[in-house]
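A closer look at the structure
Take a look at the letters that make up each chain.
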Amino acid sequence: MTKVLGISGSLRRGSHNSALLRAAVRLMPEEATLEIASIRGIPLYDGDVEAQGIPAAVTQLKEAIVAADGVLLVTPEYNNSLPGVFKNAIDWLSRPPADVKRVFGGRRFALLGASAGPFGTVLSQAAWLPVLRTLGTQPWFGGRLVVARAASVFDEAGNLKDSVIEEQLRQFLAGYVAFLRRTAGS
Ligand SMILES: Cc1cc2nc3c(=O)[nH]c(=O)nc-3n(C[C@H](O)[C@H](O)[C@H](O)COP(=O)(O)O)c2cc1C
């Protein structure tokens, strides 16, 4: 069974990105599981805090990443770039530098996201690329999912109600899981 870990970059209760991640759990191919992890509880990065030890929430998320075959980053877009809260979490996960290879090296990441605007996280996803490169991940670029005008794609309860996006998400996940299975052990 292929194990994927999904992380939403929004803390908001009514987050469209968290809703997209929940929809992904439902639409995963049979041969894979998608577990949802959270960035909640990760403090603002502070070298003085780090000097006292890596916070438990960071260590826990690092170990969840290490245990996964692949990681889905579900990213909002803030001011045409990536959200600070999400980047802050990834920055913490990259500490100490000696652990970067174990946590990120060669790990197979995929990006998707939902935003209120008409371009659906295109710029946010692009902004993640140098980060994923610096950390030595193996990003999957075989599919692209940008959910624009997210308010019309989910209902009040956060259920995906757009059948076109649902099919796109299903295909995206199928492509990503096929990649994970094809490259397992590489
Ligand atoms: C600080 C800030 C900046 C934003 N900038 C953008 C933007 O550049 N493009 C866009 O499409 N939406 C932008 N939005 C709107 C977000 O897409 C919208 O709030 C979205 O619902 C956030 O994701 P979430 O629902 O997962 O929390 C911005 C929102 C915030 C709070």
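Residues numbered from 1 in each chain as written. Predicted model: local features only at pLDDT ≥ 70, side-chain atom pairs only at ≥ 80, totals over all residues. Heavy atoms only, no water.

Turning to the pairing of strand 3 (residues 70–74), a few remarks are in order. For strand 3, a buried count of 5 out of 5 residues is recorded, marking the element as mostly surrounded by other parts of the structure. Side chains Gly70, Leu72 and Val74 of strand 3 all project onto a buried face; the interleaved residues Val71 and Leu73 project onto the opposite face, where all are buried too. With 5 bridges joining them, strand 1 (residues 2–8) and strand 3 adopt parallel strand pairing. The residue of strand 3 that forms the bridge with Leu5 is Val71. Pairing of strand 3 with strand 4 (residues 108–114) involves 5 bridges; the strand directions are parallel. What sits directly across from Leu72, in strand 4, is Ala110. (Buried < 20%, exposed > 50% of the residue type's maximum accessible area, 1.4 Å probe, protein only. Helix = DSSP H or I, 4+ residues; strand = E, 2+ residues; numbered from the N terminus. Pairing = 2+ DSSP bridges.)

Once that is clear, we can look at the site of the ligand. Neighbouring the ligand are 13 residues, the closest being Ser10, Arg12, Ser15, Asn17 and Asn80. Side-chain polar atom of Arg12 to an oxygen atom of the ligand: 2.6 Å apart, as the coordinates give it. Considered on its own, the ligand offers 620 Å² of accessible surface; in the complex 70% of this is hidden by protein. Its residues assigned to classes, the shell around the ligand comprises 3 nonpolar, 8 polar and 2 charged. (Near = heavy atom within 4 Å. Polar contact = N/O pair within 3.5 Å; in protein donor to acceptor, adjacent residues only side chain to side chain. Areas by Shrake-Rupley, 256 points an atom, 1.4 Å probe, with all protein chains shown as cover. Nonpolar A, V, L, I, M, F, W, Y, C, P; charged D, E, K, R; others polar.)

Let's shift gears to the side chain of Gln125. By the secondary structure assignment, Gln125 is in helix 6 (residues 122–134). Setting aside anything within four residues of it in sequence, one finds Gln125 in contact with Thr75, Leu111, Leu112, Gly113, Gly120, Arg144, Leu145 and Val146. (Contact = heavy atoms within 4.5 Å.)

Of all hydrophobic cores here, the largest spans 30 residues; its most connected members are Leu72 and Leu169. Counting residues per element, this core draws most heavily on helix 7 (residues 163–182), which supplies 8 residues. For Leu169, the contacting residues outside a window of four places in its chain are Leu20, Ala23, Ala24, Leu27, Leu112, Leu145 and Leu160. Core analysis: the next-biggest nonpolar cluster, separate from the first, contains 26 residues, Ile39, Ile65, Leu82 and Trp128 among them. (Core = buried A, V, L, I, M, F, W, Y, C linked by side-chain atoms within 4.5 Å.)

So, on to the packing of helix 1 (residues 16–27) against helix 7. Following both chains from N to C, one finds helix 1 and helix 7 inclined at 65 degrees, their axes separated by 10 Å at the closest point. With respect to their mutual orientation, helix 1 and helix 7 come out roughly perpendicular. By crossing handedness, the relation of helix 1 to helix 7 is classed as right-handed. Along its contact with helix 1, which presents Leu20, Ala23, Ala24, Arg26 and Leu27, the element helix 7 presents Glu166, Leu169, Arg170 and Leu173. (Axes fitted to C-alpha atoms, helices over the stretch in contact; angles between N-to-C directions. Parallel < 35°, antiparallel > 145°, perpendicular 65-115°, else oblique. Left-handed = near helix turned anticlockwise from the far one by under 90°.)

Below, the discussion takes up the environment of Ala150. Within the secondary structure, Ala150 sits in the loop between strand 6 (146–147) and helix 7. Judged by relative accessible area, Ala150 falls into the buried class, the value being 0%. The spacing of Ala150 and Lys62 is 88 residues in sequence and 29 Å in space, taken between C-alpha atoms.

What follows covers helix 7. In a regular helix each residue adds 1.5 Å, so 20 residues correspond to 28 Å; helix 7 covers 28 Å between its end C-alpha atoms and thus fits that length. Within helix 7, the full set of buried residues consists of Ile165, Glu166, Leu169, Phe172, Leu173, Tyr176, Val177, Phe179 and Leu180. Viewed end-on, helix 7 has its buried residues packed into an arc of 155 degrees, placing them on one side of the element. Residues of helix 7 that are exposed and angled more than 90 degrees away from the buried face: Ser163, Val164, Gln171 and Arg182. Between a side-chain oxygen at the N-terminus of helix 7 and the backbone nitrogen of Val164 the separation is 2.9 Å; the capping residue is Asp162. (Expected span 1.5 Å × (residues − 1). Arc of directions from axis to C-beta.)

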